[in-house]
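Results of the structural survey
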Amino acid sequence: MSKLTLKTEGDTHIVGTRRFAAPPEAVYRAHTEAELIQKWLLGPDGWTMPVCINEAKPGGKFRYEWRNSKGEGFHITGEFLELKPFSRIVHVERMFLPERTPDNHVETTFEAEGGGTLMTIRMTLPDEQTRAAMLATGMERGMEASYARLEGMI
Amino acid sequence: MQERLNLDAAFSALADPTRRAILARLASGELTVMELARPFEMTQPAISQHLKVLEDAGLVTSRVDGTRRPRRLASPAIEAMDQWLEMLRNALEANYSRLDAVLAGMNPSRKRGGKKR
């Protein structure tokens, strides 16, 4: 289906959209049922999710742990704030890399669209400073990547 | 070509939280020193000093507009930001491509009594 779009919005938001060929019920379930989540929420090649705990109810918690073949790992914990089957999920999450990242408030909506689903993810960071730090870290990563690519060309 | 990035200077410029905040605010558009100084508990000369570090690193540039000298992100900074968003997009897109395959394999009637639309 359509590729993901991703953009920054205002001082504290990052917004993504993605279309899927399946109806909202299926896409919603793939975001809330552990045995489905473990099949796709994996990140770069070579990573698996050996631990996937998901209590998909308001106030419920989730914990995802990833590992690669070198034995490296990281995890995310979060809490569900709102769940409206099969149209809306609101949760808070943070990563442990192992240092804890600031809480990211995430609203995910699933809208029926021509037999498929339009999914919109709206991430809200706690404040301007946090997003500033995130954008600056991103800028560093971007520069490192451009620089590495430049070195590869020489 | 006048907007050259000094990589070492850029990384050290980014290490300071005030300078990171200045870059993030310039990401949404051009601002003067006075406008930049407003949300910070800092004097304009202190902000100007930070801007000089960012300009020397090639991350910020300015233009002359009458008596104003608005600052904006220099193209290497904008490209670095875009490059990062693209990397983030690619990482997430890899997951969603896998999700496409998972959805294609799901039986829509499972557990839910086969409600058809």
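Residues numbered from 1 in each chain as written. Chains lettered and ligands numbered in written order. Predicted model: local features only at pLDDT ≥ 70, side-chain atom pairs only at ≥ 80, totals over all residues.

1. Some remarks on the interface of chain B and chain A
Reports often express the size of an interface as the amount of accessible area lost when the parts come together. We count it as follows: In this description, a residue-residue contact is defined by the distance between C-beta atoms placed from the backbone, which must lie within 7 Å. Secondary structure follows DSSP: runs of H or I at least 4 residues long count as helices, runs of E at least 2 residues long count as strands, and numbering of each begins at the N terminus. Gly is placed with the polar residues, together with every amino acid not listed as nonpolar (Ala, Val, Leu, Ile, Met, Phe, Trp, Tyr, Cys and Pro) or charged (Asp, Glu, Lys and Arg).
If you look at the interface, chain B gives 34 residues, while chain A gives 37 residues. With 21 residues, helix α5 (residues 75–105) of chain B is the single largest residue contributor to the side of chain B that touches chain A. The class makeup of the residues in the side of chain B that touches chain A is 24 nonpolar, two polar and eight charged.

2. Concerning the packing of helix α2 (residues 17–26) of chain B against helix α4 (residues 44–56) of chain B
Residue and element names in this part refer to chain B. Threshold: Axis lines are fitted to C-alpha atoms, over the contacting stretch for helices. Their N-to-C directions set the angle, which ranges from 0 to 180 degrees. Roughly parallel here means an angle under 35 degrees, roughly antiparallel means over 145, roughly perpendicular means 65 to 115, and every remaining angle is called oblique.
In contact at an axis separation of 10 Å, α2 and α4 are set at 75° when each is read in the N-to-C sense. Judged on the interaxial angle alone, α4 and α2 are roughly perpendicular. Across the interface between the two elements, Thr18, Arg19, Ile22 and Leu23 from α2 touch His50, Leu51, Val53 and Leu54 from α4. Across the contact of α2 with α4, the residue classes break down as five nonpolar, two polar and one charged.

3. Overview of the nonpolar core
Spelled out, the test is: For this entry, the nonpolar core is defined as buried Ala, Val, Leu, Ile, Met, Phe, Trp, Tyr and Cys residues connected by C-beta atoms within 7 Å. Partly exposed residues are those whose C-beta has more than 12 but fewer than 20 other C-beta atoms within 10 Å; 20 or more makes a residue buried and 12 or fewer makes it exposed, with C-beta atoms placed from the backbone.
Leu135(A), Met139(A), Leu23(B), Leu54(B), Leu59(B) and Ala77(B) are the most contacted members of the largest nonpolar core, which has 30 residues in total. The set of elements that each furnish at least two residues to this core consists of α3 (128–153) of chain A together with α1 (7–14), α2, α4 and α5 of chain B. It is α3(A) that provides the largest number of residues to this core, a total of six residues. With residues near it in sequence (within four places) discarded, Met139(A) still touches Leu14(B), Leu23(B), Ala77(B), Ala80(B), Met81(B) and Trp84(B). Leu4(A), Phe20(A), Leu41(A) and Met119(A) belong to the second-largest nonpolar core, a separate cluster that totals 16 residues.

4. Considering unusual backbone geometry
Residue and element names in this part refer to chain A. For the peptide bond that leads from Pro85 to Phe86, omega is -10°, which places it in the cis range. One can find Phe86 in the loop between β5 (73–84) and β6 (88–96). Leu97 connects to Pro98 through a cis peptide bond whose omega is 10°. Tracing the backbone shows Pro98 in the loop between β6 and β7 (104–113).

5. Quick word on the confidence of the model for chain B
Residue and element names in this part refer to chain B. As a reminder, the rule being used: Per-residue confidence from the predictor is reported as pLDDT, a score between 0 and 100.
Across chain B, the average pLDDT comes to 84, with 87% of residues at 70 or higher. Mean pLDDT in chain B bottoms out at α1, which sits at 86, and peaks at strand β1 (residues 60–62), which reaches 95. Across residues 111–117 the pLDDT falls below 50, and counting only partners more than four positions away or on other chains, this stretch makes three contacts in the model. Confidence metrics for the complex model read pTM 0.78 and ipTM 0.87.

6. Concerning helix α1 (residues 24–32) of chain A
Because an α-helix completes one turn every 3.6 residues, residues spaced three or four positions apart along the sequence face the same direction. The buried fraction of α1(A) is high, at seven of nine residues. Looking at α1(A), one finds that the buried residues are Pro24(A), Ala26(A), Val27(A), Tyr28(A), Arg29(A), Ala30(A) and His31(A). Close packing links the buried residues of α1(A) with β2 (13–20), α2 (34–40), β6, β7 and β8 (116–124) of chain A together with α5 of chain B.

7. Some details on the pairing of β7(A)
Residues and elements named next belong to chain A. Keep this limit in mind: Here a strand pair is declared whenever DSSP counts at least two bridges between the two strands.
With six bridges connecting them, β6 and β7 associate as antiparallel partners. Across the sheet, Ile89 pairs through a bridge with Thr108, a residue of β7. The loop that links β7 with its antiparallel partner β8 comprises two residues; one of these, Gly114, has a positive phi angle of about 55°.

8. Comments concerning α5(B)
Stated formally: By definition here, a helix of n residues has an expected span of 1.5 Å times n minus one.
The end-to-end C-alpha distance of α5(B) is 44 Å, a good match for the 45 Å that 31 residues give at a rise of 1.5 Å each. Listed in full, the buried residues belonging to α5(B) are Pro76(B), Ala77(B), Ala80(B), Met81(B), Trp84(B), Tyr96(B), Leu99(B) and Leu103(B).

9. Here's the deal with the pairing of strand β4 (residues 61–67) of chain A
Residues and elements named next belong to chain A. Two strands pair when backbone bridges link them, and strand β3 (residues 48–54) and β4 are joined in this way by five bridges, in the antiparallel orientation. In the sheet register, Ile53 faces β4, and the bridge partner there is Arg63. Taking the residues between adjacent antiparallel strands as the criterion, β3 and β4 are bridged by six residues, where Gly59 takes a positive phi near 85°. Bridge count between β4 and β5: seven bridges; the pairing is antiparallel. For Arg63, the partnering residue across the bridge sits in β5 and is Thr77. Hairpin remark: β4 followed by β5, antiparallel, with five residues in the connecting loop; positive phi at Gly71, about 85°.

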